[in-house]
Amino acid sequence: MSMMTILLDATGNSYGFAAIGAGLAAIGAGIGIGQVGKGAVESIARQPEALNDIRSNMILAAALVEGVALFAVIAALIVIFK
Amino acid sequence: MHINIYKKENHSYFIFSYYALIFAANLGESMLHKCLKSLLGAVFSLFLLSITTCVFAQNSAQNKDKLKPGDILMEHVLDAHEFHIINIGSTSVTIPLPVILYSPQKGFSIFMSSKFNHGGTTYNGYRMINDEYLDKLIEAGVDVKKNNLSNGKIISVTVDDKWDSNTKIYDFSMTRNVVQMIIVLALLVWIMLGIARKYKNGIGVKTAPTGFQNVIEPVITFIRDEVGKPMLGEKWEKYMPYLLTVFFFILINNLVGLIPGTANVTGNIAFTAVLGVIAFVVIIFSTNKHYWGHIFNPPGVPGWVKIILVPVEILGVFTKPFALIIRLFANMIAGHMMLACLALLIIIFGNISLVAGYGFSPIAIAFSVFVYFIEILVAFLQAFIFTMLTAVFISQAFETPHHDGEHNTHDDAIIM
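Within each chain, residues carry numbers counting from 1 in the order of the written sequence. Following the order in which they are written, the chains are lettered starting with A and the ligands numbered starting with 1. Only residues with pLDDT of at least 70 are given local features in this predicted model, and only at 80 or more are side-chain atom pairs given and counted; all residues enter the totals for whole chains, interfaces and linings.

## Examining the overall build of chain B
Spelled out, the test is: Secondary structure is summarised from DSSP: a helix means a run of H or I of at least four residues, a strand means a run of E of at least two, and numbering begins at the N terminus for each. Here exposure depends only on C-beta density: within 10 Å of a residue's C-beta, 20 or more other C-beta atoms make it buried, 12 or fewer make it exposed, and intermediate numbers make it partly exposed, the C-beta atoms being placed from the backbone. Residue pairs are scored as contacts if the distance between their C-beta atoms, which are placed from the backbone, is within 7 Å.
Secondary structure summary: chain B contains 12 helices and seven strands in total. Taking all 416 residues of chain B together, 19% fall into the buried category. Here the analysis covers contacts within chain B between residues at least 6 apart in sequence; of these, 60% occur between residues at least 24 apart.

## Topic: the overall build of chain A
Within chain A, the secondary structure is distributed over three helices and zero strands. Going through the 82 residues of chain A one by one, you find that 10% of them count as buried. Of all intrachain contacts in chain A linking residues separated by at least 6 positions in sequence, the fraction that spans at least 24 positions is 76%.

## Regarding unusual backbone geometry
The phi torsion at Asn124(B) lies on the positive side, around 60°, for a residue other than glycine. Residue position: Asn124(B) is located in the loop between strand S4 (107-112) and strand S5 (126-128).

## Observations regarding helix H11 (residues 354-397) of chain B
Heads up, the condition is: Multiplying one less than the number of residues by 1.5 Å gives the expected span of a helix. At every residue, the bend is computed as the angle between two fitted axes, covering the seven residues ending there and the seven beginning there respectively.
The terminal C-alpha atoms of H11(B) lie 60 Å apart, and with 44 residues this matches the ideal 64 Å at 1.5 Å per residue to within 8%. Considering bend angle alone, the principal kink of H11(B) is centred on Ser361(B) and spans about 35°; proline Pro362(B) follows within four residues of it.

## Structural notes on the nonpolar core
Residue and element names in this part refer to chain B. Let me state the cut-off plainly: In these notes, a nonpolar core means any group of buried Ala, Val, Leu, Ile, Met, Phe, Trp, Tyr and Cys residues linked to one another through C-beta atoms within 7 Å.
Among the nonpolar cores identified, the biggest contains 45 residues, and Phe-247, Ile-250 and Phe-386 are the most heavily contacted of them. Broken down by element, the residue count for this core peaks at 10 residues, all from H11. If we skip the residues at most four places from it in the chain, Phe-386 touches Val-246, Ile-250, Leu-324 and Leu-328.

## Section: the packing of helix H3 (residues 51-81) of chain A against helix H10 (residues 303-352) of chain B
Let me state the cut-off plainly: Angular values range over 0 to 180 degrees, each being the angle between N-to-C directions of two axes fitted as lines to C-alpha atoms, with helices fitted over their stretch in contact. These descriptions rest on fixed angle ranges, namely under 35 degrees for roughly parallel, over 145 for roughly antiparallel, 65 to 115 for roughly perpendicular, and the rest for oblique. Handedness of each helix crossing follows the sense of rotation of the near helix against the far helix: counterclockwise by less than a right angle gives left-handed, clockwise gives right-handed. Each residue gets one of three labels, nonpolar for Ala, Val, Leu, Ile, Met, Phe, Trp, Tyr, Cys and Pro, charged for Asp, Glu, Lys and Arg, and polar for the others, Gly among them.
Closest axis-to-axis distance for the H3(A)/H10(B) pair is 9 Å, and the angle between their directions is 70°. Relative to H10(B), the element H3(A) is oriented roughly perpendicular. Read as a crossing pair, H3(A) and H10(B) show a hand that is left-handed. Residues Gly67(A), Leu70(A), Phe71(A), Val73(A) and Ile74(A) of H3(A) form the contact with H10(B), whose participating residues are Ala323(B), Ile326(B), Arg327(B), Ala330(B), Asn331(B) and Ala334(B). Looking at the contact of H3(A) with H10(B) residue by residue, the classes come out as eight nonpolar, two polar and one charged.

## A word on the sheet that holds strand S7 (residues 170-171) of chain B
Residues and elements named next belong to chain B. Short version of the rule: Being paired, for any two strands, means DSSP has found at least two bridges between them.
With antiparallel pairing, the three strands of this open sheet are ordered in space as S4-S3-S7. Each end of this open sheet is capped by a strand with a single partner; those strands are S4 and S7. As defined by bridge partners, strand S3 (residues 98-103) adjoins S4 across six bridges and the pair is classed as antiparallel. The partner of Tyr-102 across the bridge, within S4, is Phe-108.

## Re the environment of Met112(B)
Residue and element names in this part refer to chain B. Within the fold, Met-112 resides in strand S4. Exposure remark for Met-112: the 13 C-beta atoms within 10 Å place this residue in the partly exposed category. Along the chain, Met-112 and Lys-34 lie 78 residues apart, while their C-alpha atoms are 74 Å from each other. Sequence-distant contacts of Met-112, that is, excluding residues within four places in its chain, are made with Pro-96, Pro-98 and Val-99.

## Points about the pairing of strand S2 (residues 91-96) of chain B
Residues and elements named next belong to chain B. A small share of S2 lies buried, amounting to zero of its six residues. Two elements, strand S1 (residues 82-88) and S2, share six bridges in a ladder whose sense is antiparallel. Following the sheet pairing, Phe-83 is matched in S2 by Ile-95.

## Notes on the confidence of the model for chain A
For clarity, the cut-off: Confidence scores here are pLDDT values: one per residue, from the predictor, ranging 0 to 100.
On average, residues of chain A carry a pLDDT of 87, and 88% of them reach 70 or more. Across chain A, the element-wise mean pLDDT spans from 65 in helix H1 (residues 3-11) of chain A up to 94 in helix H2 (residues 15-46) of chain A.

## Concerning the packing of H10(B) against H11(B)
Residues and elements named next belong to chain B. Direction vectors running N to C along H10 and H11 enclose 175°, while the axes themselves pass 8 Å from each other. In terms of orientation, H10 and H11 fall into the roughly antiparallel class. Among the residues forming the contact of H10 with H11, the class breakdown is 20 nonpolar, eight polar and two charged.

## Considerations on the confidence of the model for chain B
Residues and elements named next belong to chain B. Considering every residue of chain B, the mean pLDDT works out to 83; 88% of them sit at 70 or more. Counting interchain partners and residues more than four positions distant, the pLDDT-below-50 stretch residues 407-411 has four contacts. Scored as a whole, the predicted complex attains pTM 0.78, and scored at its interfaces, ipTM 0.79.

## As for the environment of Val144(B)
All names here are of chain B. With respect to the secondary-structure elements, Val-144 resides in the loop between helix H4 (131-139) and strand S6 (154-156). Accessibility expressed as a C-beta count within 10 Å gives 15 for Val-144, which makes it partly exposed. The spatial distance from the C-alpha of Val-144 to the C-alpha of Leu-134 is 8.1 Å, given a sequence separation of 10 residues. Discounting residues that sit within four places of it in the chain, Val-144 has contacts with Leu-134, Leu-137, Ile-138 and Leu-149.

## Thoughts on the environment of Ile223(B)
Among the structural elements, Ile223(B) can be located in helix H6 (residues 213-232). C-alpha separation for the pair Ile223(B) and Met240(B), spaced 17 residues apart in sequence, amounts to 8.4 Å.

What follows is the structure, encoded as structure tokens:
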């Protein structure tokens, strides 16, 4: 038997998979917000006068990306608490 | 490499012997790089060998007073009929709140939740479910999951303490979320009306603002200049009351929820759902014909793509407020759960061994302080994001057709 079926058999519920899903969501959020930050910092370096505009756009984009990652966290919580 | 290692269950032994052999071989031929890599592999697998222990399968019928971290965690982020302050020894210090019940059979019942004695006693034919009663229900054969019976819920019981499933109860109690919302409301009304009266009396209009005006005025001008005017254009004044109300209500509820002992209002899906529905209503009421035209007849799209695109666009009308709801809810509840988890970890470690509990507490406390600062940032950020996205959606709703010139040029470029 493969390792996955052994794991599922041992515990009888899918809490581990929910935790793996939440971890993957964290990876996604990290990569996404990292890209946003990278773009923002590079553009501030190119044009320091636009600092305030860039900062507010960066925060907006970061919150949107984080919202998507938290959808996956909610799905994991539903698996565990239902 | 079929050595009889499989007598031992430990695969690390196999990996260790593999790396050790490669290390020995490369040592002879003096290839430094491969030597170091296999040495590292050998040391690492030796480390893995040494830290493995025997774990026995758990007996599920264990002692009933085992710590249940999941339940404690949920108790902190969900609604309750009392403010739970602290547990000293075996007594819990709580502030009881009024319970207001209506059932068509029994009529109105209003009493304090202390009469329930944390689920220990019945009052007036009502009982609050706690762990022991839940076990009693399960033993009596009631399907708790199907009937949605969980810890803290108020049910109606018969004279001999059995669940009376025929009585329908409408729970209008002032739970801790309701009380906290009312307190925040009173606080906001008091602050804002006081400041408005100051401005009406002329203080801070032509002179510098004084007192608490200094705190509120930058925030209001920030919302007006970063959210209102850029997104909404000329109609910004019409929507400012709504945007400011939403921003301050979410912000103050977030901040008050961070104080230990208070309720988790914004991390409640019902609360954020109502905010999202109100935002949806405001967006729908500010749409014009051009908006609906773009949804049911997207310009510059060939006919067969329209069949797929129109349902997607209709769905998009609903997913935007839905994302607002889920974003606020998930951010706030995740923050509260992380803080509660850190505190619970100390208790879990303490159950394993006293030394581990004491040793882990400085780390947990330091990390908790760090997470508290992040939560304050998240409180401001989530309120700002909710407000800004609502303003963006409203502005998208009343866009005027002067963009059609650009659409036509795009069209020509596609058709070629």
